[in-house]
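Close look at the chain arrangement
Here is how the chains run, residue by residue.
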Amino acid sequence: MNKKSIFNSYIIVFLSLLSLGFISCEEQPVLESASELTISEGFKNPLGFYNASPTFSWKLPVSENIKSQSAYQIVVASNPDLLPDNADLWDSKKQEKDKSVWIKYQGKQLQSRQKVYWQVKYWNQDKEASNWSDINHFELGLLNNSDWQAKWVGLNTAKDSIKGRGKVLIHKPQYLRKRFELTDDLAVARLYITAKGVFDVSVNGENVSDDAMSPGFTTYDKRIETLTYNVTNLIESGQNAIGVELASGWYSGRLLWGTTPWDNTISPKILCQLELEMKDGSRKIIISDESWKGTTNGPLQFSEIYDGEIYNANLNMPNWTTINFDDKNWTKVEVENIDNTIKLEPKRHTTVKGKIKLKPTKITKKEEALIFDLNQNMVGVPLVKVPMKKGDTLKIRFAEMLSPDDTFYTKNYRSAHSTDYYIASKDGEIEYMPKFTFHGFRFVELTGFDASKKVSKDWVTGVVQYSDFDDNGTFTSSHPKLNQLQSNIVWGLRGNFLDIPTDCPQRNERLGWTGDAQVFGPTSMFNADVYKFWASWLQSVREAQLEDGTIPWTVPDTRGNKIASSGWGDVGTIIPWKIYMRTGDIGFLEDNFEMMTQWVAHHELKSKNYISNMMSFSDWLQPYPESGKNTGDTSRNLIGTAFFAHSAKLTAQAAEVLGKTAEQKKYEELYKTVAKAFDNKFFDESGAVKGVAETQTSYLLALAFNLLPENKIKNAQTNLLRKLKDADNHLRTGFLGTPLLSRVLDDMGETDLIYKLIFNETYPSWFYSINQGATTIWERWNSYSKAEGYNPMSMNSLNHYAYGAIGEWMYERIAGIAPLEAGYKTIEIAPQVRQPLTAASATLNTPYGKVSSSWEIKGNIFQLHVTVPPNTSAKIILPSDTAKPLELDGATFQENASVKLVDIGNNLFELEVQPGSYTFQSSIK
């Protein structure tokens, strides 16, 4: 056979193998698949998902041959067997893009209840393909009011209720139940449920979930969130029972002011729809309707968020959530149709759960009482396992701190009774954990236990409750008090992120104060995976915004006075922009842009000649106010005008990102106009404040928001330094000024002064509260002192995260991890190294993966370990004696494809770095 015949034979064999599928012309995958697939704001395989138009995100593996992404392909199907080749919902096809986060779904319209499966593959910088990822999935909840056949049901507890403050009634908790029969073989069961109030649901004696305080706190006049549970394994062939405990919660319970946009006098109700799919394809629906029964004569006799619970075990109803219970003496429920002006939507962030358990470190006996010290100010409930005698009442009290004589300090709870009671039905050990309330406390006091028994630390466990998010970042240093400050920040976050961002968790308030939220947003995003938490609350802010653009003081609104405060309502522009910078999700700006423009319009409405006359809480709780007022000394007109300009500028920036050129120009011009009016009204030609009180915060606002012409900036900076020096280099700032202090001084190159302010030991400072025993951030700089005792004001929360905003500077400038490009697509690692620190480190889970920065000084040697995640890049700035050589990974530095020297500046090296882990070492002076 000649060579030509042999060649033709090879061709025939090759084509035959190709046609049979044994050989493919497609590139063969050589790379590890993508991981950590999520949808929208970071949901992993959610059940009862809220969004029929999700976005898709994933992370690239950490590998030497994966620096960046050059292309991706997403496939979405209604059945996992269709993936990846026969996706029937959407196939993005190969997209030559490096984008690996927030990819918008562009397939067929998705429907309520639909279960959706998806995969992704990517190509690296060398055009090499990955394997397909594992199949991920999500299941949509009931997206529309029309999906509900159920009716609101409950007992008329209003007629037997106690008159509370204002028009609020104190309703007795309800027990509701329904029996039903199932004759066919079950395939899948989904329970869709919500409440006007808070609920706990069981099926056939088994609790459906470990959620707490569900469905949560929203703008109930606009939206009530619903929950979806998989109860397939709880349903039995034959007779079944559903049981629901129901209490007032936020909807009908006692709230500060209590003037809500929804009718909070009505009796709590539930809405429940159990959908059963049989193996033969048939369906059955069990709904809340006239057939349900209820009673208020159960063991839980009283439950209020502020005031605690009363549980009478003598009224226990064994098996009431099972079929083995006689409810003949129960009352038929009242029924209410769904109001279609109020949206029923799946919950768009995680439920509250018990996340951490704390054990006492010390027990103190005080007369007839035992005081258990959990050694950490926390939020949640106690789990008590205590010996009791029949008929006795266990009284459980709470305090954040003790008075010097070891008695309970509860003045700062104000009118919140915050006490739980358990009435024993028999001798022996009881176990009890409150269900529909929560408390802020470090200390638990017990009375009414069996005093003849040996005391044990096992009697009390602190169950820490907050929305079910994970940690997102870490920070530590060589200084124990700075580490304690970080711990206080984290515990303040945990304590005040219970379904909404609250001001405080213990007194008769616990509301979504907008000013506290706007200053703490960036710090929270570093420490915890709370993007979905913020997205949900911002929806409530949008819903609470009035037609004239007013954003209420608290969201949800419980005041109802239709008045906004500057610096507080600006949460509507500041949080969208700050969170966009940390996520890179343009969709978040799209969702909130209209709110931003309406808020700026409200600023304009409340201004004359661009000078604000808006009401303001001002620089709340500024220390040493000459005015003697909580609002501090900084002019509310100056504050309002500054935030007017700042909000206009942020709206212009958002418009630019969204490609809205006309709006961008409009708000840029408005910002310039307001800034000019601000300068003319409040600053003289020398760059000094005029016409109003001169304060640190007045200069901070002008400089932070760039409101002065170039020729005044230097003098204004000098004046700020003078005001700080007049205060012995201590801050004189409240809620609005404090978050700006480190940023402005940093821009001025005053890093040493920032360190001085942070490490100050005396009042007012962060370490001052630590020296007094703080384990969380306090509301006031001087809430307590060992020398003088407690601040005499009743507004004295010992768990109030606002001043924890300093964390943003700690992470971004001490540890040195900051976003140069939205979402950390480009990262700056530029630690500001100063005494007394000899080391600091941080890690952060960015949308692209984990970034880390860890530095240490030994003698005159500075060492920096960094990790840059795939599909990003970093600018690294190292403090250095540039006359001496720089080392990379133990060898004299030489440029390579991954690390390039960009600049040698004044005692620093600047480098551009590609993904990977590196160790840099330099000499410092």
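Residues numbered from 1 in each chain as written. Predicted model: local features only at pLDDT ≥ 70, side-chain atom pairs only at ≥ 80, totals over all residues. Heavy atoms only, no water.

1. Notes on the overall build of the protein chain
Threshold: Numbering of helices and strands runs from the N terminus, with a helix taken as a DSSP run of H or I at least four residues long and a strand as a DSSP run of E at least two residues long. Atoms counted for the radius of gyration: C-alpha only. Globule rule: 2.2 Å times the number of residues to the power 0.38. To sort residues, take the accessible area from a 1.4 Å probe on protein chains only and compare it with the maximum for the residue type: under 20% means buried, over 50% means exposed, and anything in between is partly exposed. We call two residues in contact when some of their heavy atoms are within 4.5 Å. Accessible surface is estimated by sampling points in the Shrake-Rupley manner with a 1.4 Å probe; for residues, cover comes only from the protein chains shown.
Along its length, the protein chain carries 14 helices and 53 strands. Scaling as 2.2 N^0.38, a compact globule of 925 residues should have a C-alpha radius of gyration of about 29 Å, and the protein chain matches this with 30 Å. For the protein chain, the residues scored as buried account for 62% of the 925 residues in total. Within the protein chain, residue pairs in contact and separated by at least 24 positions form 73% of the contacts whose partners lie at least 6 positions apart. Accessible surface, the protein chain as shown: approximately 35,700 Å² in total, 47% of it carbon and sulfur.

2. Let's talk about the packing of aromatic side chains
Stated precisely, the cut-off is as follows: Aromatic pairing here means that ring centres of Phe, Tyr or Trp (its six-membered ring) are within 6.5 Å. Orientation follows from the plane angle: under 30 degrees is stacked, over 60 is edge-to-face, and everything else is tilted. Remark: a charge is flagged as sitting over a ring if the NZ atom of Lys or the CZ atom of Arg is within 6 Å of the ring centre and within 35 degrees of the ring normal.
Scanning all chains against the criterion turns up 62 aromatic pairs. For the pair F497 and F520, a centre-to-centre distance of 6.3 Å together with 75° between the ring planes defines the contact as edge-to-face. In this pair, F497 is assigned in strand β37 (residues 497–498) and F520 in helix α3 (residues 514–527), connecting sequence segments 23 residues apart. Relative accessible area serves as the criterion here: at 0%, F520 is assigned to the buried category. For the pair F526 and Y811, a centre-to-centre distance of 4.0 Å together with 15° between the ring planes defines the contact as stacked. Within this pair, whereas F526 is found in helix α3, its partner Y811 is found in helix α14 (residues 807–815), the two being separated by 285 residues in sequence. The two residues F526 and Y811 agree in class, both being buried. Site record: aromatic cluster; members linked through ring pairs are Y466, F469, F497, F520, F533, W534, W537 and Y801. If you follow K532 out to its NZ or CZ, it ends over the ring of F43, 5.1 Å from the centre.

3. Comments concerning the packing of α3 against helix α4 (residues 531–544)
To be explicit about the condition: Only C-alpha atoms enter the line fits that serve as axes; for helices the fit covers just the stretch in contact. Angles between N-to-C directions range over 0 to 180 degrees. An angle counts as roughly parallel when it lies under 35 degrees, as roughly antiparallel when it exceeds 145, as roughly perpendicular when it falls between 65 and 115, and as oblique in every other case. By convention the crossing between two helices is left-handed if the near helix lies anticlockwise of the far one by an angle smaller than a right angle, and right-handed if it lies clockwise. Just so you know the grouping, Ala, Val, Leu, Ile, Met, Phe, Trp, Tyr, Cys and Pro go in nonpolar, Asp, Glu, Lys and Arg go in charged, and all remaining residues, Gly too, go in polar.
Between α3 and α4, the shortest axis-to-axis distance is 11 Å and the interhelical angle comes to 155°. Considering the angle they form, α3 stands roughly antiparallel to α4. The way α3 lies across α4 gives a crossing that is left-handed. Taking contact as the criterion, the partners of T514, A517, G521, S524 and M525 in α3 are, on α4, Y531, W534 and W537. Class assignment of the residues belonging to the contact of α3 with α4 gives a composition of five nonpolar, three polar and no charged.

4. Considering the side chain of K67
For the record, the criterion: Within this scheme the basic residues Lys and Arg register as positive and the acidic residues Asp and Glu register as negative, but His and the chain ends are omitted. Within this document, salt bridges are pairs made up of a side-chain nitrogen of Lys or Arg and a carboxyl oxygen of Asp or Glu, the two lying within 4 Å of each other.
Mapped onto the elements, K67 comes out in the loop between β3 (55–59) and β4 (69–77). E64 provides the closest opposite charge to the buried, salt-bridge-free K67, at an N-O distance of 4.5 Å. Setting aside residues no more than four positions away along its own chain, K67 makes contact with Q125, P870, N871, T872, S898, P915 and Y918.

5. Quick notes on the sheet that holds strand β6 (residues 103–104)
This is how it is decided: Following DSSP output, two strands are said to pair if at least two bridges run between them.
On the basis of which strands lie adjacent, the open sheet formed by three strands has the order β1-β3-β6 and antiparallel pairing. The outermost strands of the open sheet, each flanked by one partner alone, are β1 (35–39) and β6. Pairing of β3 with β6 involves two bridges; the strand directions are antiparallel. Bridging from a neighbouring strand, T55 pairs with K104 of β6.

6. Side note on the pairing of strand β53 (residues 916–923)
Where strand β47 (residues 861–868) meets β53, eight bridges bridge the pair, whose relative direction is antiparallel. In the strand pairing of β53, V868 is matched with G916. Note: strand β49 (residues 887–888) against β53, two bridges, orientation antiparallel. By the bridge assignment, L888 is partnered in β53 with F920.

7. Some points on helix α7 (residues 636–657)
Stated formally: By definition here, a helix of n residues has an expected span of 1.5 Å times n minus one. Identification of polar contacts relies on pairs of N or O atoms within 3.5 Å, with a donor-acceptor requirement for protein atoms, meaning one able to donate a hydrogen and the other able to accept it, and with residues adjacent in sequence counted only if both atoms are side-chain atoms.
With 22 residues, α7 extends 31 Å from end C-alpha to end C-alpha; this agrees with the ideal 32 Å at 1.5 Å per step. Counting buried residues along α7, 16 of its 22 residues qualify, which places the element largely inside the surrounding structure. Looking at where α7 begins, the residue whose side-chain oxygen comes 3.1 Å from the main-chain nitrogen of N637 is S635. G659 lies just past α7 and shows a positive phi near 75°.

8. A word on the pairing of strand β29 (residues 393–399)
Where β29 lies against strand β32 (residues 419–423), five bridges are found, and the strand directions are antiparallel. If you follow I396 over to β32, its bridge partner there is D420. The sheet contact formed by β29 and strand β34 (residues 439–447) spans five bridges and is antiparallel. Note that in β34 the partner of A399 across the bridge is F443.

9. So, the confidence of the model for the protein chain
Note: predicted coordinates in regions of low pLDDT should not be interpreted at a detailed level. Definition in use: The predictor rates its confidence in each residue with pLDDT, a number between 0 and 100.
Within the protein chain, residue pLDDT values average 95, and 96% of them lie at 70 or more. Note on residues 13–25: pLDDT under 50 across the span, and six contacts to partners over four residues away in sequence or across chains.

10. Details of the pattern of salt bridges
One pass over the full model with this rule turns up 50 salt bridges. Ionic pairing is found between K532 and D529, a salt bridge with its closest N-O pair at 3.7 Å. Salt-bridge contacts for R582 lead to E808; the nearest nitrogen and oxygen are separated by 3.0 Å. A residue pair is termed long-range when its members are at least 10 positions apart, and R582 in helix α5 (residues 571–583) and E808 in helix α14 qualify at 226 residues. In this structure, a network of salt bridges that share partners links the residues R223, E225, K343, E345, K347, D499 and E543.

11. Points about helix α6 (residues 586–605)
What counts here: One fitted axis covers the seven residues ending at a residue, a second covers the seven starting there, and the bend at that residue is the angle between these axes.
If you check α6, its first and last C-alpha atoms are 28 Å apart, about what 20 residues at 1.5 Å a residue would give, namely 28 Å. The sharpest bend along α6 reaches about 45° and sits at N592. Among the residues of α6, those classed as buried are G587, F588, L589, N592, F593, M595, M596, T597, W599, V600, H602 and H603. At its buried positions, α6 is contacted by α4, α5, β39 (607–608), α7 and α8 (661–682).

12. Side note on the sheet that holds strand β46 (residues 849–858)
Spatially, β36-β45-β46-β47-β53-β49-β50 is the arrangement adopted by the seven strands of the open sheet, whose pairing is antiparallel. Every interior strand has two partners, whereas the edge strands, β36 (473–477) and β50 (891–892), have only one. Alignment of β46 against β47, held across seven bridges, turns out to be antiparallel. Among the inter-strand pairings, S853 is bridged to a residue of β47, identified as V866.

13. Observations regarding the environment of T697
Relative to the assigned elements, T697 resides in helix α9 (residues 696–704). Taking the relative accessible area as the measure of exposure, T697 reaches 0% and is therefore buried. Measuring from C-alpha to C-alpha, the distance between T697 and T738 comes to 7.9 Å, with 41 residues separating the pair along the chain. Filtering out sequence-adjacent residues up to four positions away, T697 remains in contact with D619, T634, R732, T733 and G737.

14. Remarks on unusual backbone geometry
The amide bond that connects S214 to the next residue, P215, takes the cis arrangement and shows omega of 10°. With respect to the helices, strands and loops of the structure, P215 is situated in the loop between β15 (206–207) and β16 (223–230). Omega for the peptide link from V555 to P556 comes to -5°, which places this bond in the cis form. Looking at where P556 falls in the secondary structure, it is placed in the loop between α4 and α5. Backbone geometry places W102, a non-glycine residue, at a positive phi of 60°. For W102, the location among the structural elements is in the loop between β5 (90–91) and β6. Backbone geometry places N706, a non-glycine residue, at a positive phi of 55°.

15. Topic: the packing of helix α2 (residues 480–496) against α3
Between α2 and α3, the shortest axis-to-axis distance is 11 Å and the interhelical angle comes to 100°. Classified by the angle between their axes, α2 and α3 sit roughly perpendicular to one another. Each of Q486, I489, V490 and L493 in α2 lies in contact with α3, whose residues at this interface are F520, T523, S524 and N527. Partitioned by chemical class, the residues of the contact of α2 with α3 number four nonpolar, four polar and no charged.

16. Side note on the environment of P261
Secondary-structure assignment places P261 in the loop between β17 (238–247) and β18 (269–278). Under the relative-accessibility criterion, P261 is labelled partly exposed at 47%. When the C-alpha positions of P261 and D557 are compared, they lie 7.2 Å apart, and in sequence the two are 296 residues distant. Other than its neighbours up to four places away in sequence, P261 contacts D221 and D557.

17. Things to note about the side chain of N412
Structurally, the position occupied by N412 is in the loop between β31 (408–409) and β32. Reaching out from N412, the side chain makes a polar contact with the side chain of E400 at a distance of 2.8 Å. The residues contacting N412, other than those within four sequence positions of it, are E400, R507, S794, N796, S797 and L798.

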